[in-house]
Amino acid sequence: MKLALLTRNPKLYSTQRLAQAAQARDHEIQLLDTLRCYLAIKQPTPLVYYQGQALEQIDAVLPRIGASIGYYGTAVVRQFELMGTYTLNTAQAINASRDKLLTAQLLTQQGLNIPYSGFMHHQEDIRATAQLVGGAPLVIKLLEGTQGLGVILAEKQQLVDSVAEGLHAVKAAILLQEFIAEAEGADIRCLVLGEEVIASMQRQAAKGEFRSNLHRGGSAAAISLSPEETTLAIQATQALGLEFAGVDLIRTQRGPAILEVNSSPGLEGIEALTGTNIAELVIKFIEDRLESRHTVKPTTS
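Residues numbered from 1 in each chain as written. Predicted model: local features only at pLDDT ≥ 70, side-chain atom pairs only at ≥ 80, totals over all residues. Heavy atoms only, no water.

Q: Could you give an account of the overall build of the protein, with specific residues and numbers?
A: In terms of regular secondary structure, the protein is built from nine helices and 16 strands. Taken against the 2.2 N^0.38 rule, which gives 19 Å for 301 residues, the C-alpha radius of gyration of the protein at 20 Å falls within 12% of a compact globule. Principal axes of the C-alpha set define a box for the protein whose edges measure 60 × 50 × 45 Å. Within the protein, buried positions represent 50% of all 301 residues. Sequence-distant contacts, at least 24 apart, represent 67% of the contacts inside the protein between residues at least 6 apart. A total of about 15100 Å² of accessible surface is found on the protein, and carbon and sulfur atoms cover 49% of it. (Helix = DSSP H or I, 4+ residues; strand = E, 2+ residues; numbered from the N terminus. Rg over C-alpha atoms; globule rule 2.2 N^0.38 Å. Buried < 20%, exposed > 50% of the residue type's maximum accessible area, 1.4 Å probe, protein only. Contact = heavy atoms within 4.5 Å. Areas by Shrake-Rupley, 256 points an atom, 1.4 Å probe, with all protein chains shown as cover.)

This is the structure in structure tokens:
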């Protein structure tokens with residue numbers, strides 16, 4: 001099997017682990033700089049090129065598309081799809097997960113629990129929108145951001161007004177979201193592959209911080225999910241059309257709720273904590289998907 005992994009940084013832990021897992025299972029894998037891929041959008045054969053070569057013999061693509069290159073990255077993924085190449089996550093699903101507003105709308109459409117959220121355009125509607133999600137304290141989120149970046153806790157309405165005004169001034173789209181005080185800075189990261197949660201951990205924010213991301217000094221511990229939490233994590237990925245994702249849950253008085261869905265989750269912390277060989281499971285999953293694609297169903301008379 002010939003695989004291509006789209007990445008901007010081949011030295012990242014997650015990239016290296018996926019490459020090692022592919023090679024350990026006797027597959028050929030290329031690490032491609034996403035921004036160096038260029039596209040021939042034409043009939044009869046749309047193609048992706050890299051360093052002067054057409055990538056016509058790739059069996060499957062593993063997209064690791066960061067928010068900073070979302071538009072171009074998903075264009076490359078979409079081009080592989082046009083060529084008939086299997087992609088672990090589709091361009092449409094990646095786009096949906098990158099946009100926090102669209103994610104919230106799609107999850108709500110499927111009847112899935114999320115923190116109360118509000119969106120507005122005009123500065124004069126900020127206070128009314130804030131009241132719709134329970135008022136201050138509340139969380140202000142940029143629509144695109146990862147690892148806790150672009151997430152602000154506004155404890156008073158005056159801070160909500162000033163932060164929202166400043167972000168609007170630089171044309172930044174924001175989401176206002178209910179602050180879940182009872183979680184006490186903890187959330188749950190689940191890795192979902194297909195229709196299964198393959199690993200999970202509880203993250204706890206550092207003292208004086210409300211964001212639990214490990215990149216922001218949070219700590220992690222192993223955790224067993226409830227059946228409700230497991231089902232919710234899987235439903236979240238299905239609602240966005242993702243095959244592999246990190247789903248962040250939070251425990252609320254209304255039951256578990258979905259905080260975020262990440263189409264390129266990091267593997268380092270959760271592999272180390274749980275001892276699960278996530279990279280190998282991902283490669284096996286791709287093998288199974290390709291096998292089922294190539295299985296010819298018998299015709300019935």
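Picking up where we left off.
Q: Describe the sheet that holds strand β9 (residues 138–142), with residues and values.
A: The four strands are arranged β8-β11-β9-β10 in an open sheet whose pairing can be described as antiparallel. Single-partner strands in this sheet number two, and they are β8 (117–118) and β10 (151–154). Where β8 lies against strand β11 (residues 174–178), two bridges are found, and the strand directions are antiparallel. Of the residues in β11, the one forming a bridge with S117 is Q177. On top of the sheet, helix α6 (residues 157–169) reaches β9, β10 and β11; it is set at about 5° to β9, its chief contact. (Pairing = 2+ DSSP bridges. Axes fitted to C-alpha atoms, helices over the stretch in contact; angles between N-to-C directions.)

Q: Run through helix α3 (residues 91–98), naming residues and quoting values.
A: Counting buried positions along α3 gives six out of eight residues, so the element sits mostly inside the fold. For α3, the set of buried residues is A91, A93, I94, A96, S97 and R98. Lining the buried residues of α3 we find β6 (60–63), α2 (70–82), α4 (100–109), α7 (227–240) and β16 (255–262).

Q: Let's hear about the sheet that holds β6: which residues, and what values?
A: Reading across the sheet, the four strands line up as β2-β1-β6-β7 and stay open at both edges, with parallel pairing between neighbours. If you trace the sheet from one side to the other, it starts and ends with β2 (28–33) and β7 (86–87), each paired once. Pairing of strand β1 (residues 2–7) with β6, which is carried by four bridges, proceeds in the parallel orientation. Of the residues in β6, the one forming a bridge with L6 is P63. Of the strands in this sheet, β1, β2 and β6 touch helix α1 (residues 13–24), which is tilted by about 155° from β2.

Q: Requested: an account of the packing of α2 against α3, with residues and values cited.
A: Two numbers describe how α2 lies on α3: the axes approach to 8 Å, and their chain directions differ by 155°. Viewed along their axes, α2 and α3 adopt a mutual orientation that is roughly antiparallel. Touching G70, T74, V77, R78 and E81 of α2 are A91, I94 and N95, all from α3. Residue composition of the contact of α2 with α3, by class: three nonpolar, three polar and two charged. (Parallel < 35°, antiparallel > 145°, perpendicular 65-115°, else oblique. Nonpolar A, V, L, I, M, F, W, Y, C, P; charged D, E, K, R; others polar.)

Q: Describe the pattern of salt bridges, listing the residues and the values that go with them.
A: In total, this model carries eleven salt bridges according to the counting rule given. Residues R25 and E280 are paired through a salt bridge, measuring 4.0 Å at the closest nitrogen-oxygen approach. Separated by 255 residues along the polypeptide, R25 in the loop between α1 and β2 and E280 in helix α9 (residues 278–294) bring together distant segments of the chain. Taking relative accessible area as the criterion, R25 reaches 29% and is therefore assigned partly exposed. What makes E280 partly exposed here is its relative accessible area of 26%. R254 is paired through a salt bridge with E178; the nearest N and O atoms lie 3.1 Å apart. Of the two residues, R254 is situated in the loop between β15 (244–252) and β16 and E178 in strand β11; the sequence distance between them amounts to 76 residues. (Salt bridge = Lys/Arg side-chain N within 4 Å of Asp/Glu carboxyl O.)

Q: Got a sec to walk through the side chain of S14? Specific residues and values, please.
A: Mapping S14 onto the fold places it in helix α1. Residues in contact with S14, not counting those within four places in the same chain, are R64, P265, G266, L267 and E268.

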